Amino acid sequence: MSDVLNSPQFVPGEESPAWLAAMGDADQAAEKTLEYREFLAKKAIRFESCGFDAPELHKQLFPFQRDIVRHALRKGRFALFEDCGLGKTIQQGEWARHIAKHTDKPVLIFAPPAVGPQTRDELADKLKLKIRIVARQDEIGAGVNITNYEKLHHFSPEGLGGIILDESSILKGFDGKTRKRLTEFAASIPYRLACTATPSPNDYMELGNHAEFLGIMTLPEMLATFFVHDGGDTSKWRLKRHARRAFFEWLCSWAVAIRKPSDLGYSDEGFELPALRIHQITIPAEGAQDGRLFAVEAQTLSERREVRRLSLDSRVKAVADLVNPSKEQWVVWCNLNAESEALRDSILRAVEVRGSDSDAHKEQTALGFANGDIERLVSKALIFGFGM
């Protein structure tokens, strides 16, 4: 009897399943067990739907895309964590079309520079959806509108029925000003959608930032509910062992995360990308860091910068030797302004895009590269590493 009394299912003064089972009442024990499970299910943390059931969706969407959009509309506030090439653009376009129709209010899409015209053209072709490219609040009209993140300060959330973040990895920065402004901007908008391919199960802060933008749960609440500090380092958080399943079930209540359609039981036909091939080219060290007789492995940030400076000419020449003889289109990523300038001067017909360039130059260059008019593009991943 003591084992029954010590059972976690035994509640003093109540007929628990364990007590009834011990007393031999199997039928009543089974009934109580079912009630207990229903009680636990009610305690589970889930995001309740606040959307609506959509009518028939556009036939241009693949089956898995239609089901995801239907689910996102039903949820009302949702995130598409889908790998590259799975058609997030057409899904967000169909979602926006139904939100605008259901609310009879405009929907505003925020996207990286130069993505607006590409999105407009793609959705006009596939969905026959008219999208208006806007730069200020007074340009917003009925239906679907799109602008870029740099113009956020020109807009107000008043009167919007829905908001979409294209390449929502912009929310990644924990203390980023743009993330905070977007979250505050969206707080009063009833329907929200975030689309990106980047969140990782181990990048909990980014997942928390998405949940906060969508109005699911604030980041501090998420950390307090599912995480503990990892040892003495208060900047690192570790998922509680007993909360692992609960956390991902909660995540699945407001987001879909897939690498390919078969993750959800659909066919992968048409979505199988060629293997990514990575070739590393190592440049021999030339000279030593200041104050050293021989070149040694760079350890500190300043030492790494010094090595980059010393090897700049050799690395730029290696890249130019690859690109110049080629007849294919190239995009060349770099980290430093000095690298960008040297690459621009060494690569034939190269067009450089820097952070200090105007939005118009960035947009025209991106469109020119996407259309094939520009053969060689030199830029940084922080400027052009997503969205095209």
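One structure accompanies this document, and this report is about it. (Residues numbered from 1 in each chain as written. Predicted model: local features only at pLDDT ≥ 70, side-chain atom pairs only at ≥ 80, totals over all residues. Heavy atoms only, no water.)

## What about the sheet that holds strand β2 (residues 107-111)?
Taken together, seven strands build an open sheet; the order of strands is β3-β4-β2-β5-β6-β1-β9 and the sheet is parallel. Taken across any chain shown, the strands that pair with only one partner, and hence form the sheet edges, are β3 (131-133) and β9 (255-258). Adjacent strand axes in the sheet meet at a mean angle of 15°, parallel and antiparallel pairs treated alike. Summarising the sheet, β2 and strand β5 (residues 162-166) pair through four bridges and their orientation is parallel. (Pairing = 2+ DSSP bridges. Helix = DSSP H or I, 4+ residues; strand = E, 2+ residues; numbered from the N terminus. Axes fitted to C-alpha atoms, helices over the stretch in contact; angles between N-to-C directions.)

## A few points about the sheet that holds strand β11 (residues 350-352)
Across the sheet, three strands lie side by side as β10-β12-β11; this open sheet has parallel pairing. Among the strands making up the open sheet, the edge pair consists of β10 (330-334) and β11. When the angles between neighbouring strand axes are averaged without regard to direction, this sheet yields 25°. Taken strand by strand, helix α14 (residues 359-371) contacts β10, β11 and β12 (376-380), and its axis lies near 150° from that of β11. (Contact = heavy atoms within 4.5 Å.)

## Digging into the packing of helix α12 (residues 312-323) against helix α13 (residues 337-346)
One can describe the packing of α12 onto α13 by two numbers: an axis separation of 10 Å at closest approach and a directional angle of 40°. As summarised for this structure, α12 and α13 are arranged oblique, according to the angle between their axes. Once α12 is placed against α13, the crossing between them reads as right-handed. Residues Leu312, Arg315, Val316, Val319 and Ala320 of α12 form the contact with α13, whose own contacting residues are Ala338, Glu339, Ala342, Leu343 and Ser346. For the contact of α12 with α13, the per-class residue count stands at seven nonpolar, one polar and two charged. (Parallel < 35°, antiparallel > 145°, perpendicular 65-115°, else oblique. Left-handed = near helix turned anticlockwise from the far one by under 90°. Nonpolar A, V, L, I, M, F, W, Y, C, P; charged D, E, K, R; others polar.)

## Some details on the pairing of strand β6 (residues 191-196)
Along a regular strand, successive side chains alternate from one face of the sheet to the other. Counted residue by residue, β6 has six buried out of six residues, so it is predominantly covered. Residues Tyr191, Leu193 and Cys195 line one face of β6 and the alternating positions Arg192, Ala194 and Thr196 line the opposite face, and both faces are buried. The sheet contact formed by strand β1 (residues 77-82) and β6 spans five bridges and is parallel. Following the sheet pairing, Ala79 is matched in β6 by Ala194. Strand direction decides the pairing type here: β5 and β6, joined by five bridges, are parallel. Residue Asp166 lies in a different strand from β6, and its bridge partner there is Cys195. (Buried < 20%, exposed > 50% of the residue type's maximum accessible area, 1.4 Å probe, protein only.)

## Some details on the pattern of salt bridges
If you walk through the whole model with that rule in mind, you get 18 salt bridges. In this structure, Arg74 engages Asp53 in a salt bridge whose closest nitrogen and oxygen atoms are separated by 2.9 Å. Highlighted residues: Arg74 in helix α4 (residues 63-75) and Asp53 in the loop between α3 (26-43) and α4, separated in sequence by 21 residues. Here Asp53 falls in the exposed class, since its relative accessible area comes to 60%. The salt bridge involving Lys317 is made with Asp321; its shortest N-O contact spans 2.9 Å. Placement of the pair is Lys317 and Asp321 together in helix α12, with a separation of four residues, close to one helical turn. The class of Asp321 is partly exposed, set by a relative accessible area of 46%. (Salt bridge = Lys/Arg side-chain N within 4 Å of Asp/Glu carboxyl O.)

## Looking at the environment of Leu214
The residue Leu214 is located in helix α8 (residues 204-214) in this model. Between the C-alpha atom of Leu214 and that of Ile189, which follows or precedes it by 25 residues, the distance is 9.6 Å.

## Digging into the environment of Leu377
If you trace the backbone, Leu377 turns up in strand β12. Residues Leu377 and Val332, spaced 45 residues apart in sequence, show a C-alpha to C-alpha distance of 6.1 Å.

## Quick look at the side chain of Ser379
Take Ser379: it is sitting in strand β12. In this structure Ser379 comes out as buried when scored by relative accessible area, which is 0%. Polar contacts involving the side chain of Ser379 include one to the main-chain carbonyl oxygen of Val353, which spans 3.1 Å. Setting aside residues up to four positions removed in sequence, Ser379 forms contacts with Val332, Trp333, Cys334, Val353 and Phe384. (Polar contact = N/O pair within 3.5 Å; in protein donor to acceptor, adjacent residues only side chain to side chain.)

## What about the packing of aromatic side chains?
One pass over the full model with this rule turns up 16 aromatic pairs. Consider the rings of Phe247 and Phe248, whose centres lie 5.1 Å apart with planes at 80°: the pair is edge-to-face. For Phe247, a relative accessible area of 0% translates into the label buried. Grouping aromatic residues by their ring pairs yields a cluster made of Phe81, Tyr204, Phe226, Phe227, Phe247, Phe248, Trp250 and Trp254. (Phe/Tyr/Trp six-rings, centres within 6.5 Å; stacked < 30°, edge-to-face > 60°.)

## Concerning the nonpolar core
Core analysis: the biggest nonpolar cluster contains 38 residues, and Phe110, Phe185, Met222, Phe226, Phe247, Trp250 and Trp254 have the highest contact counts within it. Of all elements in the fold, only β1, β2, β5, α7 (177-186), α8, α9 (219-226) and α10 (244-252) reach the threshold of two or more residues within this core. Those residues in contact with Phe185 that lie beyond four places of it in its chain are Leu108, Phe110, Leu152, Phe155, Ser156, Pro157, Leu160 and Ile163. The next biggest cluster of nonpolar side chains, apart from the first, holds 34 residues, and it includes Leu57, Ile68, Leu80 and Leu193. (Core = buried A, V, L, I, M, F, W, Y, C linked by side-chain atoms within 4.5 Å.)

Remember that the coordinates give geometry; whether it matters functionally is a separate question.
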